[in-house]
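# Structural characterization, general
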Amino acid sequence: MFEYEKYLLKENPFPVNAAIDPTDPDPRMNGTIFLKDIFEREIQDLYERTERGINLIYISGIEHDKGVGKSALMIHHWRECLQKPNSTSLYIRLDETDKPKDICRKIITQWHNDETLWKAFQTLFLDYCREQSNPMLQTDAVEYLFEKHPNLCPDLQLTLYTQIRNSDSIGKQFTSYLQSKTRIDPKNIEPLIQKYLTEPTTYLDVLNASKTNTSGVFRDLVKILDLQNYKRHYIFLDQFEDMITGSTRPGIAKLSLELKNILLASSRKVSFFMTLHPHSEMLLQGMEAKDLTGIAPLDTIHRVNVMVLDRKGDQAAILAQAYMEYYRTQEPPYPTYPLEEDLVHFLCYLEVGNIRALLQHLYNCIEYGSMKELEEITLKYALENPQEILGR
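All of the points below concern the structure found in this document. As a convention, each chain's residues are numbered from 1 in the sequence order in which they are written. Local features are withheld for residues below a pLDDT of 70 in this predicted model, meaning they are given only at 70 or higher, and side-chain atom pairs are given and counted only at 80 or more; totals for whole chains, interfaces and linings count all residues. Side-chain numbers here rest on the full set of heavy atoms in the structure, without hydrogens or water.

### With respect to empty space enclosed by the protein
Once rolled over the atoms, a probe with the size of a water molecule shows which space is left empty. Cavity: a set of points on a 1 Å grid over the protein atoms alone where a 1.4 Å probe fits but cannot get out. Pocket: an open set with protein on both sides within 12 Å along at least five of seven lines, its lining residues, like those of a cavity, having an atom within 4 Å of a point. Grid points are joined across faces, edges and corners, and a volume is the space filled by probe spheres set on the points. Throughout the structure, instances matching the rule amount to 3 cavities of 30 Å³ or more. Roughly 340 Å³ of volume is contained in the largest cavity. As for the largest cavity, its lining consists of 30 residues, of which Ala-18, Ile-20, Gly-69, Ala-72 and Ile-355 are closest to the centre. Segments assigned H or I by DSSP are reported as helices when at least four residues long, segments assigned E as strands when at least two residues long, and all are numbered from the N terminus. Those elements that place two or more of their residues in the lining of the largest cavity are helix 2 (70-81), helix 15 (315-326) and helix 17 (355-371). By the convention adopted, Pro, Cys, Tyr, Trp, Phe, Met, Ile, Leu, Val and Ala count as nonpolar, Lys, Arg, Asp and Glu as charged, and the other residues, Gly among them, as polar. Across the lining of the largest cavity, the residue classes tally to 17 nonpolar, 7 polar and 6 charged. Considering only enclosed or pocket space, the second largest cavity measures out at about 80 Å³ in volume.

Next up, the structure:
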């Protein structure tokens, strides 16, 4: 059992594996501990490009494939965009096997699960009831129904609260009503309407069916949400680089064309943020990706470069201190105690400024020092015991 109290820490403040996941309850892993000072330039660049409404912004690590803080920066900006009015902000972690249709499916799934679509549906359906003045579908009855079911439910019971006996026909009429308000394809929207009028929670069964055109559904839902004053959507696609590197050259060409169509269909309404690393960026510079890079070039307008830690300054020590302060039990003798500041700087230099590698080194230092009951872990001790402290 490791004892951290002697280091004035509740527990090891550094992550075992510094791969970030915003759904993880551990603040060491979910991006809660985020040092804005380190990313000051990148944060400003992202803010300016977001305010300009640029359709696609690449968050690119130009010196390492992994570990420079792309995901941490993305998650920080995603959380900032959550505060913007009349908008949605979604964080999506991609897999290398994902295709553009899967991106659209994951976006729609989040809108469904967080009830963005449900709230929009309720308001628009009430507008439809008021305008139609159908005695079989009294507005006050529908209002009462929605008061009873403010959230997604397995059974809406429309026919119980109104005199409607055929929800299918109402679904078709309501879809036509929406089509009169904005240009949508009924084939994309009617399946959602029919489910929301009967069994709202089961819509994902329809969405996940192989025949569903998720790109078309996404395009038309952006238009419908616009009717409800959702004027902007911020979509953060983490690990987009894995989609690129996991594709063949023909696969990249197909992926680029499909992404281009998605961007064009949602222009002026959606901003996508995608992470890149050097290898994936090199692949996007090929002719196979011209459809995507033709409308979202890999230039300084569409790209925010994430730099490594400054190996000559004090960024490494400031980062270590931020993690340690989160778990301090009382004021330490010096900010990075029990890790000598020179050791922290040396580890940063050793790992060429890579944040992930540095944090994992610091974790191992704390574990080893606690196990050996060291009063401090110094640079001198590390150089005398390189395999135990430096791992080499």
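### Comments concerning the nonpolar core
Taken as a class, soluble globular proteins show a tendency for nonpolar side chains to be buried jointly. Remark: nonpolar core denotes a set of buried residues (Ala, Val, Leu, Ile, Met, Phe, Trp, Tyr, Cys) joined through side-chain atoms within 4.5 Å. A 1.4 Å probe rolled over the protein chains alone gives each residue an accessible area, and that area as a share of the maximum for its type sets the label: buried under 20%, exposed over 50%, partly exposed in between. In this structure, Phe-125, Phe-218, Phe-240 and Phe-272 are the most contacted members of the largest nonpolar core, which totals 67 residues. If one sorts the elements of this core by residue count, helix 4 (residues 116-132) sits on top with 9 residues. Residue contacts are counted whenever heavy atoms from the two residues lie within 4.5 Å of one another. Here Phe-218 is in contact with Cys-104, Ile-107, Ile-108, Trp-111, Ile-262, Ser-266, Val-270 and Phe-272, once residues within four sequence places are set aside. Counting 57 residues, the second largest nonpolar core, distinct from the first, contains Leu-35, Ile-75, Leu-319 and Ile-366.

### Describing the packing of helix 4 against helix 5 (residues 139-148)
In contact at an axis separation of 9 Å, helix 4 and helix 5 are set at 165° when each is read in the N-to-C sense. Between helix 4 and helix 5, the crossing angle belongs to the class labelled roughly antiparallel. Handedness of the helix 4/helix 5 crossing: left-handed. Contact residues: Trp-118, Phe-121, Gln-122, Phe-125, Leu-126, Cys-129 and Arg-130 in helix 4; Thr-139, Val-142, Glu-143 and Phe-146 in helix 5. Taken together, the residues of the contact of helix 4 with helix 5 break down into 7 nonpolar, 2 polar and 2 charged. To define axes, lines are fitted to C-alpha atoms, for helices over the stretch in contact only, and angles between the resulting N-to-C directions are given on a 0 to 180 degree scale. An angle counts as roughly parallel when it lies under 35 degrees, as roughly antiparallel when it exceeds 145, as roughly perpendicular when it falls between 65 and 115, and as oblique in every other case. Take the far helix as your reference; a near helix turned counterclockwise from it by less than a right angle gives a left-handed crossing, and one turned clockwise gives a right-handed crossing.

### Observations concerning unusual backbone geometry
The omega angle of the peptide bond from Tyr-337 to Pro-338 is 10°, so this bond is cis rather than trans. Considering the arrangement of structural elements, one finds Pro-338 in the loop between helix 15 and helix 16 (341-350). With a phi angle near 55°, Asn-86 is a residue other than glycine that sits in the positive phi range. Relative to the assigned elements, Asn-86 resides in the loop between helix 2 and strand 2 (87-93).

### Here we look at the layout of surface pockets
In this structure, the largest pocket spans a volume of roughly 160 Å³. Lining the largest pocket, in full, are Thr-182, Arg-219, Val-222, Lys-223, Asp-226, Ala-265, Ser-266, Ser-267, Arg-268 and Lys-269.

### Observations regarding the pattern of salt bridges
Take a side-chain nitrogen of Lys or Arg and a carboxyl oxygen of Asp or Glu: if they are within 4 Å of each other, that pair is a salt bridge. Counted under the stated rule, the structure contains 25 salt bridges. Two residues, Arg-28 and Glu-11, come together in a salt bridge whose shortest N-O distance is 2.7 Å. Separated by 17 residues along the polypeptide, Arg-28 in the segment before helix 1 (40-51) and Glu-11 in the segment before helix 1 bring together distant segments of the chain. Among the ionic pairs, Glu-281 bridges to Arg-303, the shortest N-O distance being 2.3 Å. Taken as a pair, Glu-281 in helix 13 (residues 278-284) and Arg-303 in strand 5 (residues 303-306) lie far apart in primary sequence, 22 residues in all. This pair shows no difference in class: Glu-281 is buried, exactly as Arg-303 is. Counted as one network, the salt bridges with shared partners bring together Arg-41, Glu-42, Asp-45 and Arg-49.

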